[in-house]
Amino acid sequence: MSDTPRVLFWRHGRTSWNVENRFQGQTDIALDPVGHAQARRAGELLASLNPDVIVASDLTRAADTAGYLSRASGVPVEFDEGLRERFGGSWEGMTGAELSARWPVEHARMDIPDGELIAEVGDRMRAAVERGLGKTPTGGLLVVVSHGAALRVGIARLLGIPDEQREILGPISNCCWSVLQERRGQWRLMEHNAASLPEPVVLSDDA
């Protein structure tokens with residue numbers, strides 16, 4: 001086992017609002033039947049990584065997703081409000097088409113007039129990850145269960161990517177995950193938007 005920590009960022013399973021392309025934000029939408037099946041399969045797969053700590057958003061779709069990994073691994077879930085999705089104000093519940101029609105410029109930039117600032121999301125996501133790492137043993141694996149926009153902002157923060165350039169990272173699909181590992185005091189992106197476990201890297205060009 002490496003003595004450097006790893007963080008696996010896992011997005012919740014599918015909801016009916018995902019299917020309808022509605023902005024969920026912090027509206028507490030549950031997983032749909034497909035989302036439960038996704039979470040069950042992924043939870044069983046991720047349990048083979050032997051997570052040490054599982055922390056999750058307390059919104060139902062993330063909490064229920066985390067529950068599948070908890071049951072498969074025997075590791076309890078700890079909830080942290082800092083891992084909630086970005087608050088979307090009046091955008092919550094609206095479809096992408098409705099938002100583009102009413103706020104074309106703002107929607108293109110994801111600049112929510114009465115919503116949470118990206119910088120605020122990044123601050124709380126980073127703080128929540130650091131709290132989780134504080135409970136993770138040396139060389140251990142922390143699993144963070146959260147939401148699409150919040151996860152991308154949080155990952156970008158750890159990698160040192162400016163908030164306004166976060167879309168350099170592609171989106172994370174429902175119940176897919178990304179993995180960061182620390183090396184020489186810096187975080188490195190090892191996987192992104194994965195749905196299967198990778199083969200271990202035996203040789204590295206900078207070993």
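What counts, and at which threshold
Residues numbered from 1 in each chain as written. Predicted model: local features only at pLDDT ≥ 70, side-chain atom pairs only at ≥ 80, totals over all residues. Heavy atoms only, no water. UniProt positions renumbered as here; feature names shortened; annotations may be inferred. Helix = DSSP H or I, 4+ residues; strand = E, 2+ residues; numbered from the N terminus. Buried < 20%, exposed > 50% of the residue type's maximum accessible area, 1.4 Å probe, protein only. Polar contact = N/O pair within 3.5 Å; in protein donor to acceptor, adjacent residues only side chain to side chain. Contact = heavy atoms within 4.5 Å. pLDDT = per-residue confidence, 0-100. Axes fitted to C-alpha atoms, helices over the stretch in contact; angles between N-to-C directions. Parallel < 35°, antiparallel > 145°, perpendicular 65-115°, else oblique. Nonpolar A, V, L, I, M, F, W, Y, C, P; charged D, E, K, R; others polar.

(A) The UniProt feature "active site" (unreviewed entry) in the chain, seen in detail. If you check UniProt for "active site" (unreviewed entry), the listed places come out as H12 and E85 in our numbering. These annotated residues cover 74 residues of sequence, but their C-alpha atoms sit close together, with the largest distance between any two at 10.8 Å. Relative to the elements of secondary structure, H12 occurs in the loop between strand 1 (6–11) and helix 1 (16–19). A residue is classified by how much of its surface remains accessible, and H12, at 1% relative accessible area, is buried. Side-chain polar atoms of H12 contact the side chain of R61, separated by 3.4 Å. Mapped onto the elements of the fold, E85 is located in the loop between strand 3 (77–79) and helix 4 (96–102). Residues in contact with E85, not counting those within four places in the same chain, are G25, Q26, L59, R61, E116, R124, H147, G148, A149 and A150.

(B) Molecular detail of the confidence of the model for the chain. Put simply, the chain has an average pLDDT of 94, and 94% of its residues get 70 or more. The low-confidence segment residues 201–207 (pLDDT under 50) makes four contacts with residues lying over four places distant or belonging to another chain.

(C) Inspection of the UniProt feature "binding site: substrate" (unreviewed entry) in the chain at higher detail. Summarizing the sequence annotation, UniProt attributes the feature "binding site: substrate" (unreviewed entry) to R11, H12, G13, R14, T15, S16, W17, N18 and R61 in the numbering used throughout. The residue R14 is located in the loop between strand 1 and helix 1 in this model. The residues touching R14, leaving out its near neighbours within four places in the chain, are V19, L31, D32, V34, G35, Q38 and N174. One polar contact links R14 to D32, side chain to side chain, over a distance of 2.8 Å. Its place among the elements puts T15 in the loop between strand 1 and helix 1. Leaving out residues up to four positions away in the same chain, T15 has contacts with Q24, I29, A30, L31, D32 and R61.

(D) Structural context of the packing of helix 6 (residues 118–134) against helix 7 (residues 148–159). For the pair helix 6 and helix 7, the least separation of the axes is 8 Å and the interaxial angle reads 70 degrees. Here helix 6 is positioned roughly perpendicular relative to helix 7, judged by the angle of their axes. Facing I118, A119, V121, G122, D123, M125, R126 and V129 of helix 6, the residues of helix 7 in contact are A150, L151, V153, G154, R157 and L158. Residue composition of the contact of helix 6 with helix 7, grouped by class: nine nonpolar, two polar and three charged.

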